[in-house]
Amino acid sequence: MAKIIGVDKGSVADQLGIKVGDILLAFDGNPVQDILDYHYYDGMEEFVMSVECGDEIIDFEIEKDFDESLGMELDESMELVPIRCKNKCKFCFVDQLPCGMRDTLYVKDDDYRLSFISGNYITLTNVFEEELKRIVRLHLSPLYISVHATDTNIKKQLVTNPEGAKTFEKIKFLVQNGIEINTQIVMCPNENDSQVLIKTLEDLNSLRPNLKTVAVVPVGLTKYRDNLYPLSLVDKQKATETIEIINNINNKYGVFVYPSDEFYIKAQLPLPKYEEYGDFEQIENGVGLVRSFEYEVDIALEDLKKCKSKAKVSLITGQSFGDFLVEYCKKIENKLKGLQTDVIKIENEFFGKSITVAGLITAGDIIKQCKGKLHKNVIIPNTMLREFTTTFLDGMSTKQLEKELGVKLHVCCGGSHLVEIIANL
């Protein structure tokens, strides 16, 4: 239930005589748990809303247009407090973080509501029959679910939680009831690779079409793994084998499984063409990031007239993307004659050299490796910063880094933005 703290004048609630201080109890007999209930029924046309008005409980039979709001503001008890993860995954990245970082970095959520709202990946190990029925009733679709393996024993071992063995059956219930699912597999050599991976993909294929996509990503291992379960990195041979397995599955059933870009880079194989990534549903998993960036650069350059430029710019990125960025900069230099670009690939000393993505580079590593070597204008990707902030993983801000390096930082949000930044220098 939720206390009503505001009623919009002239709204449906106002016309019904609902007042500030009344208590919203239920919709269609289902108790109100959080703000998702309100938003779902706010978009419905016909339902019963139960409200405690003073000493009386009234069941209002609502008939309204779908875009007509109830017009109520509910108290803070309806806000979403993230549900915490109850697993101890052998490959958990949070468990591999050093001490002394921001408190929020150590928080592990596993919340089906945030999966629907924000695309967070969940394991379903803390989702039971009541929550499954609620997901279906509110049609919280699509959801994003970490599978890792459908073999029950292997899944239990990977997440160190007996509920992990039930994930596949829970997904089956959801897709059979109209919920669309995107999934991911964190592939760990000698754990859920090879024949285990083939079985997992075969099982997931049986849940299509509501199971939309599968992303396969290589396990990420930092240097902070003392007393943790021993895992191996994906090497060139394992990356090549994994790509071959995925290609065979896609050839057999139609494309629905996507290796992350990192597999192709490790295997030293050409990336798929832009058109092969569909709607890029798995781009947050590093699937198609390189091709999407390249496509944006090419489109932006088509609209850019050839001209002269005196700009000199340094671009900072991770090891895995560095060579691609060099090629894109050459394309830009061909349009802007005289432009000088210098791509610097940072070695990740903070987390360990096996971590090669730009999104896990710290300001401290940039300072150590770049100070005194940069042009006045420096471009970094927005993935280096905490979302919606100007803060790096080690807590330093972009302003602090600018001062430390004596440069002007430009934060880039994609290929087209890169061209725009450089063209405007």
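Residues numbered from 1 in each chain as written. Predicted model: local features only at pLDDT ≥ 70, side-chain atom pairs only at ≥ 80, totals over all residues. Heavy atoms only, no water.

Enquirer: Before we go on, may I ask you to explain the sheet that holds strand β8 (residues 181-187) in this structure?
Expert: The pairing of strands in a sheet happens through backbone hydrogen bonds and is either parallel or antiparallel. The sheet built from four strands is open, its strands ordered β7-β8-β9-β10 with parallel pairing. Of all strands in the sheet, those bounded by a partner on one side alone are β7 (143-146) and β10 (257-259). Taken over all neighbouring pairs, the strand axes of this sheet differ in orientation by 20° on average, direction set aside. Strand direction decides the pairing type here: β8 and strand β9 (residues 211-218), joined by seven bridges, are parallel. When the sheet's bridge partners are listed, T183 is paired in β9 with V214. Across the sheet, helix α6 (residues 167-176) is in contact with β7, β8 and β9; its angle to β7 comes to roughly 160°. (Pairing = 2+ DSSP bridges. Helix = DSSP H or I, 4+ residues; strand = E, 2+ residues; numbered from the N terminus. Axes fitted to C-alpha atoms, helices over the stretch in contact; angles between N-to-C directions. Contact = heavy atoms within 4.5 Å.)

Enquirer: Which parts of the structure should I look at to understand the packing of helix α10 (residues 289-302) against helix α11 (residues 319-335)?
Expert: The axes of two packed helices give the description: the angle between them and the distance between them. The interhelical angle for the contact between α10 and α11, taken along N-to-C directions, is 5°, at an axis separation of 11 Å. In terms of axis orientation, α10 runs roughly parallel to α11. Across the interface between the two elements, V290, F293, E294, V297, D298, L301 and E302 of α10 pack against F321, F324, L325, Y328, K331, I332 and K335 of α11. Here the residues of the contact of α10 with α11 are counted per class, giving nine nonpolar, no polar and five charged. (Parallel < 35°, antiparallel > 145°, perpendicular 65-115°, else oblique. Nonpolar A, V, L, I, M, F, W, Y, C, P; charged D, E, K, R; others polar.)

Enquirer: Is there a simple way to think about helix α5 (residues 152-159) in this case?
Expert: One turn of an α-helix holds 3.6 residues; hence residues three or four places apart share an orientation. Listed in full, the buried residues belonging to α5 are I154, K155, L158 and V159. The arc that holds every buried residue of α5, seen down its axis, measures 115°, which confines them to one face. Tucked into the core, α5 has its buried residues touching β7, α6 and α7 (194-205). Capping of α5 at its N-terminal end is provided by D151; its side-chain oxygen lies 3.1 Å from the backbone amide nitrogen of N153. In the segment just after α5, T160 is the residue with positive phi, at about 50°. (Buried < 20%, exposed > 50% of the residue type's maximum accessible area, 1.4 Å probe, protein only. Arc of directions from axis to C-beta. Polar contact = N/O pair within 3.5 Å; in protein donor to acceptor, adjacent residues only side chain to side chain.)

Structural measurements only, silent on function.
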